[in-house]
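Listed below are the residues making up each chain.
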Amino acid sequence: MKAVSVIILSLVLAAAGSAARAEVGILPDRVVVGQVAAQSGPAAALGSGMRTGLLAAFAEVNAKGGVHGRKLTLVSKDDTYEPNDSEALTRRIIQEDNVFALLGPVGTPTSKAAQPIAETAGVPFIGPFTGAGFLRDAKLTNVVNLRASYDQETEAWISYLVDTRRVEKIAILFQDDSFGQAGLAGVNKAMEKRGKTLAVAASFPRNTTDIAAALAKIQSATPAAVVMVGPYAPCAAFIKAAQTAKLNAIFMNISFVGSEALVDELQGKTENVIISQVVPLPWDDSLPVVRDYQSALGGKSKPGFISLEGYLVGRLFIEALQKAGPEPTRAKLMEAIMGTRDHDIGGFRLNFGPGDNQGSDKVYLTQITDDSRFVILKSGE
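Residues numbered from 1 in each chain as written. Predicted model: local features only at pLDDT ≥ 70, side-chain atom pairs only at ≥ 80, totals over all residues. Heavy atoms only, no water.

A short note on the pattern of salt bridges
The test is simple: Salt bridges are defined as contacts in which a side-chain nitrogen from Lys or Arg sits within 4 Å of a carboxyl oxygen from Asp or Glu. When a residue's accessible area, from a 1.4 Å probe over protein chains only, is under 20% of the maximum for its type it is buried; when over 50% it is exposed; and in between it is partly exposed.
Under the counting rule described, the total for this entry stands at 18 salt bridges. A salt bridge links D29 to R30; its shortest N-O distance comes to 3.1 Å. Judged by relative accessible area, R30 falls into the partly exposed class, the value being 34%. Among the salt bridges present, the one from D344 reaches R349, with a minimum N-O distance of 3.1 Å. On the basis of relative accessible area, D344 is assigned to the partly exposed category, the value being 40%. R349 sits in the partly exposed class, given a relative accessible area of 43%. Within this structure, E155, D163, K193 and R194 form a network of salt bridges that share partners.

Focus: the sheet that holds strand β7 (residues 200-204)
As a general point, the strands of a sheet are linked pairwise by backbone hydrogen bonds and lie either parallel or antiparallel. Rule in force here: Two strands form a pair only when DSSP identifies at least two bridges running between them. Only DSSP runs of H or I covering at least 4 residues are called helices, and only runs of E covering at least 2 are called strands; the numbering of each starts at the N terminus. Axis definition: a line fit to C-alpha positions, over the contact stretch in the case of helices; interaxial angles, taken between N-to-C directions, run 0 to 180 degrees. Contacts between residues were defined by any pair of non-hydrogen atoms, one from each residue, lying within 4.5 Å.
Across the sheet, 7 strands lie side by side as β7-β6-β8-β9-β10-β13-β14; this open sheet has mixed pairing. Each having just a single partner strand, β7 and β14 (374-376) make up the two edges of the open sheet. The mean angle between the axes of side-by-side strands here comes to 25 degrees, regardless of whether they run parallel or antiparallel. With respect to the sheet, helix α6 (residues 178-193) is in contact with β6 (170-175), β7 and β8 (225-229), its orientation differing from that of β6 by roughly 160 degrees.

A few points about the UniProt feature "domain: Leucine-binding protein" (unreviewed entry) in the protein
This is how the line gets drawn: UniProt positions are given in the numbering used here, feature names are shortened, and annotations may be inferred rather than shown by experiment.
Here the UniProt-annotated "domain: Leucine-binding protein" (unreviewed entry) positions come out as residues 31-371. Helix and strand shares over residues 31-371 are 42% and 17% respectively, and the end C-alpha atoms of the span are 42 Å apart.

As for the nonpolar core
Soluble, globular proteins show a tendency: their nonpolar side chains are buried together. This is how the line gets drawn: Residue types Ala, Val, Leu, Ile, Met, Phe, Trp, Tyr and Cys, when buried and joined through side-chain atoms within 4.5 Å, form a set referred to as a nonpolar core. Bear in mind that the domain bounds are from an automatic or database domain assignment.
Formed by 114 residues in total, the largest nonpolar core has its most connected members in I170, V226, F238 and F317. The greatest single-element share of this core, amounting to 11 residues, is contributed by helix α11 (residues 305-323). The two domains that each donate at least three residues to this core are domain 1 (26-148 + 283-351) and domain 2 (150-277). Once residues within four sequence positions are removed from consideration, F238 is found in contact with L173, I211, A214, L215, I218, V226, M228 and F251.

A look at the pairing of strand β10 (residues 273-277)
Among the 5 residues that make up β10, 5 are buried, leaving the element largely enclosed by the rest of the structure. Inspection of the sheet shows strand β9 (residues 250-253) paired to β10 by 3 bridges, in the parallel sense. Of the residues in β10, the one forming a bridge with M252 is I274. Bridge count between β10 and strand β13 (residues 364-368): 4 bridges; the pairing is antiparallel. Among the inter-strand pairings, S276 is bridged to a residue of β13, identified as L365.

Concerning helix α2 (residues 44-62)
Counted only if it meets this: Take the number of residues in a helix, subtract one, and multiply by 1.5 Å to get its expected span.
Here α2 contains 19 residues, and its C-alpha end-to-end distance of 26 Å stays within 8% of the 27 Å for a straight helix at 1.5 Å per residue. For α2, the complete set of buried residues consists of A44, L46, G47, G49, M50, G53, L54, A56, A57, F58, V61 and N62. Looking at the buried side of α2, the elements it contacts are β1 (30-37), β2 (71-78), β3 (102-103), α8 (232-244), α10 (288-297) and α11.

Digging into unusual backbone geometry
Positive phi, normally seen in glycine, also occurs at T80, with a value near 55 degrees. The residue T80 is located in the loop between β2 and α3 (83-95) in this model.

A closer look at the pairing of β9
Selection rule: Seen with its strands pointing away from the viewer, a crossover is right-handed if its path from the first strand over the helix to the second goes clockwise.
The two faces of β9 match: I250 and M252 on one face and F251 and N253 on the other face are all buried. Relative to β9, β8 is paired through 4 bridges, and the arrangement is parallel. Residue pairing for β9: M228 is matched across the bridge by N253. Handedness of the crossover joining β8 and β9 through α8: right-handed. The parallel pair β9 and β10 is bridged by helix α9 (residues 259-266), and the resulting crossover is right-handed.

Looking at the domain arrangement of the protein
Selection rule: In this description, buried area is defined as the sum, over both parts, of the accessible area (probe of 1.4 Å) that is lost when the two are combined.
Each assigned domain of the protein is listed here: domain 1 (26-148 + 283-351) and domain 2 (150-277). Here the C-alpha centroids of domain 1 and domain 2 sit 28 Å apart. Every contact between the two is made by 25 residues of domain 1 and, on the other side, 20 residues of domain 2. For the pair domain 1 and domain 2, the summed buried surface comes to about 1,800 Å²; carbon and sulfur atoms form 57% of the total. For the domain 1 face of the interface with domain 2, the top three residues by lost area are P42, Y81 and F305, together amounting to 33%. Along the contact surface separating domain 1 from domain 2 lie 2 salt bridges. Between E82 and R206 there is a salt bridge, and its shortest N-O distance comes to 3.1 Å.

Re the environment of Q277
The condition is simple: Identification of polar contacts relies on pairs of N or O atoms within 3.5 Å, with a donor-acceptor requirement for protein atoms, meaning one able to donate a hydrogen and the other able to accept it, and with residues adjacent in sequence counted only if both atoms are side-chain atoms.
Relative to the helices and strands, Q277 resides in strand β10. For the pair Q277 and L74, spaced 203 residues apart in sequence, the C-alpha separation works out to 26 Å. In contact with Q277, not counting residues within four places along its chain, are S255, S259, F305, K362, V363, Y364, T366 and F374. Within polar-contact distance, the side chain of Q277 engages the side chain of T366 at 3.1 Å.

Notes on the packing of helix α5 (residues 150-164) against α6
Note the threshold: Our angle categories are set so that under 35 degrees counts as roughly parallel, over 145 as roughly antiparallel, 65 to 115 as roughly perpendicular, and the remainder as oblique. Two helices that cross are described as forming a left-handed crossing if the nearer one is turned anticlockwise from the farther one by less than a right angle, and a right-handed crossing if clockwise.
Packing of α5 against α6 brings their axes to within 8 Å, and their N-to-C directions diverge by 45 degrees. Relative to α6, α5 is oriented oblique. The way α5 lies across α6 gives a crossing that is right-handed. Together, Y150, D151, T154, E155, W157, I158 and V162 of α5 and F179, A182, G183, G186, V187, K189, A190, M191 and K193 of α6 make up the contact between the two elements.

This is how it looks when you write it as structure tokens:
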């Protein structure tokens, strides 16, 4: 009897020791991950869109039993697209909610506040919805970028406007923060490459639609194109006001704008509006991953660029978690992503390597049609 008791005690202690050694956020029946992103305010559609995509990917794998028998759980916090809130909530979600990884954060200034906190805690920071250059620093060991950079998007803009359309006068409207400055730097770099300069640059305050002064400044330069670095609410306000003021220009928007939300805000005033994208058309079911994404949405949400990006981030995380094995750690997760050069997610390919934490370089230029659809502009159009 005493021998049996010793054996039972040993098993209990072994189980307790195993539990003590388990990685934070890895529980016997589930994996807890977090997202800190805007769910309210002028950028709400961006955070909620990423959340929708992540949840669709998680629901899809959970319906099949999860990953190594564990279901995926997402804890979301609303930072309202404010860096101070993002910093505080990132600390809280790591320290109190004990998340294994952070997925789908939204924004450049918010990521700039949150990423160092995640890095200090050793928490993976995966799939931020921003093309900011600082997140592509080879020295960062906890960051995984899915999307192309803002430099790549702005190069595609200027290539189209200058090389294809032969536009001479280009203005920029940008948000007055690190996001806007990143876009401005990318545009200037692309212009300088061609021996050209911007006609005028004008900014607006973050989390506002206060674009009147910027419009007056840009209108005075009579540009043939305005490139725009901001979320949907202020960009839509600018486009509508510019159209009312009879500014006859091409309006080129960055992927962060939130394409579907921009269309909704424009209320049919979509003439000459172009948006760069970093994921395929969410309606292009010739790609297996888009078919999977549409099925995963289950008719609960309309397909869109932002939720597709969230879904792709979720799929990358799931694939890496599977490769990390039945006893995953954060280190094993990062190795599964960065140590696998080629990830083929249903026809959307991601390539990582030494010093390269960005998976995709793809940029697509899309134009809004009269019936509010999106078509990809082909080379030479």
